[in-house]
Amino acid sequence: MGRRYAELAFTPLVKEQQKQHGSRHLYERMERSNDPGDSLGPHERAFIEASDGFYMASVTETGWPYIQYRGGLKGFLHILDDRTLGFADLRGNKQYISVGNLQHEDRVALFFMDYPHQTRLKLLGRAKVHEGTAEARKLIDQLRMPEEKTPAERAMLIHVEGFDWNCPQHITPRYTEEELVKALEPMRQRIEKLEEENKRLRALTEPK
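Trainee: So what about a nonpolar patch on the surface? Which residues, and what values?
Mentor: A grouping of Tyr-175, Leu-180, Leu-184, Met-187 and Ile-191 is seen on the molecular surface, where their side chains present a nonpolar patch of about 480 Å² in accessible area. Within the fold, Tyr-175 resides in the loop between β7 (152-166) and α7 (177-205).

Trainee: How would you summarise the pairing of strand β5 (residues 107-114) if you had to cite specific residues and measurements?
Mentor: Two strands pair when backbone bridges link them, and strand β1 (residues 53-59) and β5 are joined in this way by three bridges, in the antiparallel orientation. Within β5, the residue paired with Ala-57 across the bridge is Ala-109. As paired strands, β5 and strand β6 (residues 119-130) are joined by eight bridges and run antiparallel to one another. Within the sheet, the bridge partner assigned to Phe-111 lies in β6 and is Lys-122.

Trainee: Tell me what's going on with the environment of Phe-112, and back it up with residues and numbers.
Mentor: Here Phe-112 shows up in strand β5. Sequence separation between Phe-112 and Phe-47 is 65 residues; the distance between their C-alpha atoms is 8.6 Å. Apart from residues no more than four positions distant in its own chain, Phe-112 is found in contact with Phe-47, Ile-48, Ser-51, Gly-53, Phe-54, Leu-77, Thr-119, Arg-120, Leu-121 and Leu-123.

Trainee: Tell me what's going on with unusual backbone geometry, and back it up with residues and numbers.
Mentor: At Lys-94, a residue that is not glycine, the phi angle is positive and equals roughly 65°. Mapping Lys-94 onto the fold places it in the loop between β4 (84-90) and α5 (97-104). Phi angles above zero are rare outside glycine, and His-170 is one such case at about 70°. Looking at where His-170 falls in the secondary structure, it is placed in the loop between β7 and α7. His-170 sits in the exposed class, given a relative accessible area of 78%.

Trainee: Pulling in residues and values, what's your account of the packing of aromatic side chains?
Mentor: A complete count under the given rule lists seven aromatic pairs for this structure. Relative to Phe-87, the ring of Phe-54 has its centre 5.6 Å away and its plane inclined at 75°; by these criteria the two rings are edge-to-face. One end of the pair, Phe-54, is in strand β1; the other, Phe-87, is in strand β4, with 33 residues separating them in the sequence. Both residues of the pair, Phe-54 and Phe-87, belong to the buried class.

Trainee: Kindly report on the sheet that holds β7, identifying the contributing residues and their values.
Mentor: Picture the strands of a sheet paired through backbone hydrogen bonds; they go either parallel or antiparallel. If you trace the seven strands from one edge of the open sheet to the other, you get β2-β1-β5-β6-β7-β4-β3, paired in antiparallel fashion. In this open sheet, the two strands that pair with only one neighbour each are β2 (65-71) and β3 (78-81). The mean inter-strand angle of the sheet, taken between neighbouring strand axes irrespective of direction, is 35°. Those strands touched by helix α6 (residues 134-143) are β3, β4, β6 and β7, and its axis lies near 65° from that of β7.

Trainee: Tell me about the packing of helix α2 (residues 12-21) against helix α3 (residues 24-31), and please be specific about residues and values.
Mentor: Two numbers describe how α2 lies on α3: the axes approach to 8 Å, and their chain directions differ by 130°. Classified by the angle their axes make, α2 and α3 are oblique. On α3, the residues that touch Lys-15, Gln-18 and Lys-19 of α2 are Arg-24, Tyr-27 and Glu-31.

About the criteria used
Residues numbered from 1 in each chain as written. Predicted model: local features only at pLDDT ≥ 70, side-chain atom pairs only at ≥ 80, totals over all residues. Heavy atoms only, no water. Patch = residues over 30% accessible without salt bridge, like charges linked within 9 Å, V, L, I, M, F, W, Y side chains within 5 Å. Areas by Shrake-Rupley, 256 points an atom, 1.4 Å probe, with all protein chains shown as cover. Salt bridge = Lys/Arg side-chain N within 4 Å of Asp/Glu carboxyl O. Helix = DSSP H or I, 4+ residues; strand = E, 2+ residues; numbered from the N terminus. Pairing = 2+ DSSP bridges. Contact = heavy atoms within 4.5 Å. Buried < 20%, exposed > 50% of the residue type's maximum accessible area, 1.4 Å probe, protein only. Phe/Tyr/Trp six-rings, centres within 6.5 Å; stacked < 30°, edge-to-face > 60°. Axes fitted to C-alpha atoms, helices over the stretch in contact; angles between N-to-C directions. Parallel < 35°, antiparallel > 145°, perpendicular 65-115°, else oblique.

This is a description of form; function is not addressed.
Here it is in structure tokens:
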């Protein structure tokens, strides 16, 4: 954890809870870290580039938290530089809750999950919506995936403020179809060889 994430997340009430439950001394050391933790490094970049989805939290005008899932082909969330992410926002159910929330409050929280490896990355940032302008159209063309058929309505850029890698506790491993195919490939090849061997042995024992 870098200093910046601690500065943003550890409010006075949070620190009071840490004191009460005996973890404050651990996080005080992190707050004095030499690493500001506000720029994406190689590990964070690789993790994000391999992701096919993330959860994004925003806050309504009435103060309610709202979480929406954003998914797509791997690489749909682009890393424009070490402090800027961007993606083409595809047409969905047309509720526009996140878009509306960002008109009054640009702060967001992103949550990236790698279920097979029980890893998660939390990121705090500020989002800007680009829609209905020549600049927006240019950004959409830059950010949309060529294979994607769903229309993109806007571009979203997220300025990274801080991030933290979370512990793997209590993450239940889950696998996509692609991950299962890759994991089971050695078994598939083994079964194929056994079937061929079985076929050969049967041919030798069958009556002529």
